Amino acid sequence: MNDSKGRNTRNEIFQQPKVWKKTFEIVSGRRTEILDFFQGFAPTDADVILTGAGTSAFIGKAVHGLRIPYQKNPGRNIPTTELLTHPEFYLQTERPTLLVSFARSGNSPESLAVVELLDKYCPKVFHLIITCDETGKLYAMTDNERSLRVLLPPETNDVSLAMTSSFSSMMLAYILITKLDQLEQEEENVARLARWGEVILTHYSEAIAHIAAKGFDRAVFLGAGPLVGVAEESHLKLQELTDGQVMCAYNSFLGFRHGPRAIVNGKTLLVYLFSDDDYSRKYEFDLVRQINQSEKGMAQVAVSHLPLKIDQIDFDLTVTFGNDGDIAAVHEYLGVAEVLVAQLMGYFKSLSLGLNPDQPSVSGTISRVVQGVKIYPI
């Protein structure tokens with residue numbers, strides 16, 4: 001297998017544990033500035049909207065339950081691709097609004113248009129910009145007193161088509177921003193996260209490559225709670241890196257029973273992103289047992305931070321990070337590490353199909369920055 005074609009993608013996947021530590025340093029170094037921004041911009045009942053397009057939107061889905069400093073309500077995850085077409089469904093113009101924009105390049109037409117939209121129609125709006133490109137249009141247009149821009153390490157600005165380092169680092173940055181009052185203890189948690197990442201990248205790459213070489217042409221990623229957002233990102237990563245030759249889906253464990261399970265056949269890969277808490281795992285294990293009583297798919301991959309104990313179940317691959325410290329203190333970080341499995345799966349599957357992971361779209365249907373979006377006045 002010639003992996004020289006996907007050198008950039010491989011480097012951007014494997015650099016992430018180091019980049020996560022750099023992301024911590026950036027957020028930690030600006031702690032006082034960030035706290036002052038939040039304290040000064042709005043009352044505690046501000047409407048917090050997490051937004052982005054595609055992969056960037058999935059970040060919001062994974063972290064929207066976390067609360068930023070001085071806000072009593074969690075954020076609402078509304079992709080720019082929905083907010084732009086139906087702003088009247090989502091905007092509460094009578095309330096102060098904080099728009100949190102996740103953007104790798106900051107050049108997506110929808111991201112720029114949504115910032116302009118809120119500036120025009122919300123009397124009191126502020127912006128938190130988490131981005132990877134200081135030359136992007138979004139970074140330039142929000143250089144004002146109502147905006148706080150958090151620029152991540154330059155290597156997070158992936159040059160490949162697929163977002164890898166950018167996704168996990170922007171997600172981590174937001175998690176850290178919600179924990180500004182306890183960053184001293186979070187430094188060890190980020191170090192622990194980096195160790196989990198290294199375990200996947202160094203100890204499980206070969207096994208994941210072996211799974212990717214199987215002849216599946218469908219894949220389903222399942223998660224619960226914040227891991228549903230990670231499952232959604234995972235399904236896109238495998239699908240875009242294989243140029244749609246592997247059609248992918250995602251769902252919650254409980255939701256999968258309600259019709260979507262019809263996708264499973266003898267050429268389906270099933271990937272389970274298991275929760276750490278016993279309560280959620282009861283529901284998750286029940287579904288796996290039920291699946292294994294009927295159509296099991298071609299292969300099953302279990303991703304778990306804790307050792308798995310499911311009667312009569314054998315997995316092709318079990319990724320365990322080991323019981324490394326207090327689980328209750330670090331569960332928010334699990335999704336940051338677990339997305340590595342789908343990134344590696346997509347990379348290896350792309351190579352096995354004879355594609356270039358750096359530019360997998362043979363027809364040019366998808367591109368690094370979306371093209372062809374015309375913005376209309378409201």
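Computed from a predicted model, the values in this text were never measured in an experiment.

**Here we look at the environment of Lys22**
Here is step 1: Along the polypeptide, Lys22 turns up in helix H2 (residues 16-29).
Here is step 2: A sequence separation of 131 residues divides Lys22 from Pro153, and the C-alpha atoms of the two residues are 6.8 Å apart.
Here is step 3: The residues contacting Lys22, other than those within four sequence positions of it, are Pro153 and Glu155.
Here is step 4: Engagement of the side chain of Lys22 in a polar contact is seen with the side chain of Glu155, the distance being 2.6 Å.

**Remarks on the sheet that holds strand S5 (residues 147-151)**
Across a sheet, paired strands are connected by hydrogen bonds in the backbone, their directions being either parallel or antiparallel.
Here is step 1: With parallel pairing, the 5 strands of this open sheet are ordered in space as S2-S1-S3-S4-S5. Two strands in the sheet have a free side with no partner beyond their single neighbour: strand S2 (76-77) and S5.
Here is step 2: Two strands pair when backbone bridges link them, and strand S1 (residues 47-51) and strand S3 (residues 97-103) are joined in this way by 5 bridges, in the parallel orientation. Considered in S3, the bridge of Leu50 is made with Val100.

**Comments concerning the packing of helix H12 (residues 227-241) against helix H15 (residues 334-352)**
Here is step 1: Axis separation between H12 and H15 bottoms out at 8 Å; the angle between their running directions is 15°. Put simply, H12 runs roughly parallel to H15. Judged by the sense of rotation from one axis to the other, the crossing of H12 with H15 is right-handed. Touching Leu227, Val230, Glu233, Ser234, Lys237, Leu238 and Leu241 of H12 are Gly335, Glu338, Val339, Ala342, Gln343, Met345, Gly346, Tyr347, Lys349 and Ser350, all from H15.
Here is step 2: For the contact of H12 with H15, the residue count by class is 8 nonpolar, 5 polar and 4 charged.

**Thoughts on helix H9 (residues 165-177)**
Here is step 1: In this model, H9 (13 residues) spans 18 Å end to end at C-alpha, consistent with the 18 Å of a helix rising 1.5 Å per residue.
Here is step 2: Counted residue by residue, H9 has 13 buried out of 13 residues, so it is predominantly covered.

**Notes on the nonpolar core**
Here is step 1: Of all hydrophobic cores here, the largest spans 78 residues; its most connected members are Leu98, Ile130 and Tyr174.
Here is step 2: Ignoring anything within four residues of it in the chain, the contact list for Ile130 reads Val100, Ser101, Phe102, Ala103, Val150, Leu152, Met170, Ala173, Tyr174 and Ile177.

**Some thoughts on the confidence of the model for the chain**
Here is step 1: Here the chain shows a mean pLDDT of 90. Residues at 70 or above account for 91%.
Here is step 2: Within the chain, helix H14 (residues 327-330) has the poorest average pLDDT of any element, 52, and H2 the best, 98.

**A closer look at the packing of aromatic side chains**
Here is step 1: With the rule as written, the count across this model stands at 9 aromatic pairs.
Here is step 2: Where Phe89 meets Tyr90, the ring centres are 6.4 Å apart and the plane angle is 55°; that geometry is what we call tilted.
Here is step 3: Aromatic ring contacts, followed pair by pair, group Phe253, Tyr272, Phe274 and Phe285 into a single cluster.
Here is step 4: A cation sits over an aromatic face here: Arg10 above Phe14, 4.1 Å from the ring centre.
Here is step 5: Between the NZ or CZ atom of Arg149 and the centre of the ring of Tyr139, over which it lies, the distance is 3.9 Å.

Calculation rules
Residues numbered from 1 in each chain as written. Predicted model: local features only at pLDDT ≥ 70, side-chain atom pairs only at ≥ 80, totals over all residues. Heavy atoms only, no water. Helix = DSSP H or I, 4+ residues; strand = E, 2+ residues; numbered from the N terminus. Contact = heavy atoms within 4.5 Å. Polar contact = N/O pair within 3.5 Å; in protein donor to acceptor, adjacent residues only side chain to side chain. Pairing = 2+ DSSP bridges. Axes fitted to C-alpha atoms, helices over the stretch in contact; angles between N-to-C directions. Parallel < 35°, antiparallel > 145°, perpendicular 65-115°, else oblique. Left-handed = near helix turned anticlockwise from the far one by under 90°. Nonpolar A, V, L, I, M, F, W, Y, C, P; charged D, E, K, R; others polar. Expected span 1.5 Å × (residues − 1). Buried < 20%, exposed > 50% of the residue type's maximum accessible area, 1.4 Å probe, protein only. Core = buried A, V, L, I, M, F, W, Y, C linked by side-chain atoms within 4.5 Å. pLDDT = per-residue confidence, 0-100. Phe/Tyr/Trp six-rings, centres within 6.5 Å; stacked < 30°, edge-to-face > 60°. Lys NZ or Arg CZ within 6 Å of the ring centre and 35° of its normal.

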